[in-house]
Amino acid sequence: MAGTAVRLTTRCLTVCLLLLPAVHVTSAVASDRRPLSRDSHRPSPCCLPYRFQAVIASLQSFSVQARQVTRLYRNWEARIQVHEQATFTETGIEQTLFRLILDYKNGKQYMIQAGTCETSPITSGMLEPCMPADSTYLGNSYLGLFANQANFDAWYFRRTDQNRNIEMTIMVTKDNCVPIMEHIAGTMGGAPVDNLVLFTNVTENVNNSEFEIPYVCLGANPM
């Protein structure tokens, strides 16, 4: 498994260095979200922000013909995650196609589309913000020009609980553990997953309303 992870990371780093010099990442990360400890040679596994929003793009499917991105809202303490699929043009995000609210605390997900809402059970656990203590450190590099670089660390680990059997390779900023790129492969809830995504426009400034279950979903029909 470790050999596979290294090959995936090599691909991630290559794509990242080509595509990310112009990525805009903003985050005023609190001190308790920074890496747990570091020395001059090797970092320790760290925790992503517990609450943040981002625009993520799938590097496997994004194209001129299919200009779709996902607005991601994540709140670990409330155990809620929201995915908002939208179209993207040169002027920004234009149209929301659907909104999926994952309420992990109550084990329900809500699919909102065309003014209707359907609900179904969630079949796997939410991804934790903190990497496992035994995560494998894959190395570091930087994005952009050397004189104005953004340094990052790359990690590999597995999740084999809560109906998950996945391998994860993730790149995070060195100073505050903000995600840059992530690859997840395996199964979640018994369904296969193979996602390679790029995080942009990351911020911890998230409105509480983004995590609210809308009125249309109260008494929603099961999917």
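Everything numeric here is computed off the predicted structure, so don't read it as measured data.

S.K.: If you had to explain the pattern of salt bridges to someone new, which residues and values would you point to?
M.R.: What the rule picks out here adds up to seven salt bridges. The salt bridge involving E84 is made with R99; its shortest N-O contact spans 2.4 Å. Here R99 lies in strand 4 (residues 92–103) and E84 lies in strand 3 (residues 80–89), a separation of 15 residues in the sequence. For R99, a relative accessible area of 14% gives the class buried. Three or more residues joined by partner-sharing salt bridges are found here, namely R71, E84, R99 and E210.

S.K.: Go over the pairing of strand 8 (residues 150–159) with me, naming the residues and quoting the values.
M.R.: Strand 8 sits mainly inside the fold: seven of its ten residues count as buried. Relative to strand 8, strand 7 (residues 136–143) is paired through seven bridges, and the arrangement is antiparallel. Paired with T136 across the strands is Y156, a residue of strand 8. In textbook terms, the turn of a hairpin is the stretch between consecutive antiparallel strands, and for strand 7 and strand 8 this stretch comprises six residues, one of which, G144, has a positive phi near 80°. When strand 8 meets strand 9 (residues 164–173), the two strands line up antiparallel, connected through eight bridges. Within strand 9, the position partnered with F157 by the bridge is M168.

S.K.: Go over the side chain of S135, please, and point to the residues and values.
M.R.: Inspection of the secondary structure assignment puts S135 in the loop between strand 6 (116–121) and strand 7. At 2.7 Å, the side chain of S135 and the backbone oxygen of P132 are in polar contact. The contacts of S135, once residues within four sequence positions are left out, are P45, W155, Y156 and F157.

S.K.: Run through the nonpolar core, naming residues and quoting values.
M.R.: In terms of nonpolar packing, the biggest core is built from 15 residues, with M131, I166, I170 and V172 touching the most fellow members. Taken together, the elements giving at least two residues each to this core come down to strand 8, strand 9 and strand 10 (179–188). Take this core: its biggest share by element is four residues, from strand 9. Each residue touching V172, except ones within four places of it in the same chain, is listed here: C46, L48, M131, N151, F152, D153, W155, C177, V178, P179 and I180. Ranked by size, the runner-up nonpolar core spans ten residues in total, among them I101, Y110, I112 and C217.

S.K.: Hey, could you go over the pairing of strand 5 (residues 108–113) for me, with residue numbers and the actual values?
M.R.: Across five bridges, the pairing between strand 4 and strand 5 is antiparallel. Paired with D103 across the strands is K108, a residue of strand 5. Between strand 4 and the antiparallel strand that follows it, strand 5, lie four residues; G107 among them carries a positive phi value of about 70°. Note: strand 5 against strand 6, six bridges, orientation antiparallel. When the bridges of strand 6 are listed, Q113 appears paired with T116. Counting the residues that bridge the hairpin from strand 5 to strand 6 gives two residues, and of these A114 lies at a positive phi of roughly 55°.

S.K.: Help me get a handle on the confidence of the model for the chain, residues and values and all.
M.R.: Within the chain, residue pLDDT values average 83, and 79% of them lie at 70 or more. The low-confidence segment residues 1–40 (pLDDT under 50) makes 74 contacts with residues lying over four places distant or belonging to another chain.

S.K.: Any details on the environment of Q68? Residues and values, ideally.
M.R.: By the secondary structure assignment, Q68 is in strand 2 (residues 68–75). Residues Q68 and I56, spaced twelve residues apart in sequence, show a C-alpha to C-alpha distance of 9.4 Å. Apart from the residues within four sequence positions on either side, Q68 is in contact with F62, Q85, A86, T87 and L97.

S.K.: Can you tell me about the layout of surface pockets, naming the residues and giving the values?
M.R.: For the largest pocket, the calculated volume is near 920 Å³. As for the largest pocket, its lining consists of 33 residues, of which Q81, H83, L102, V193 and N195 are closest to the centre. Within the residue set of the lining of the largest pocket, elements represented by two or more residues are strand 1 (51–58), strand 2, strand 3, strand 4, strand 10 and strand 11 (191–203). With five residues, the top contributor of residues to the lining of the largest pocket is strand 11. Here the lining of the largest pocket is composed, by residue class, of 19 nonpolar, twelve polar and two charged.

Criteria and thresholds
- Residues numbered from 1 in each chain as written.
- Predicted model: local features only at pLDDT ≥ 70, side-chain atom pairs only at ≥ 80, totals over all residues.
- Heavy atoms only, no water.
- Salt bridge = Lys/Arg side-chain N within 4 Å of Asp/Glu carboxyl O.
- Helix = DSSP H or I, 4+ residues; strand = E, 2+ residues; numbered from the N terminus.
- Buried < 20%, exposed > 50% of the residue type's maximum accessible area, 1.4 Å probe, protein only.
- Pairing = 2+ DSSP bridges.
- Polar contact = N/O pair within 3.5 Å; in protein donor to acceptor, adjacent residues only side chain to side chain.
- Contact = heavy atoms within 4.5 Å.
- Core = buried A, V, L, I, M, F, W, Y, C linked by side-chain atoms within 4.5 Å.
- pLDDT = per-residue confidence, 0-100.
- 1 Å grid on protein atoms, 1.4 Å probe; cavity = no way out; pocket = protein on both sides within 12 Å on 5 of 7 lines; lining within 4 Å.
- Points joined across faces, edges and corners; volume = space filled by probe spheres on them.
- Nonpolar A, V, L, I, M, F, W, Y, C, P; charged D, E, K, R; others polar.

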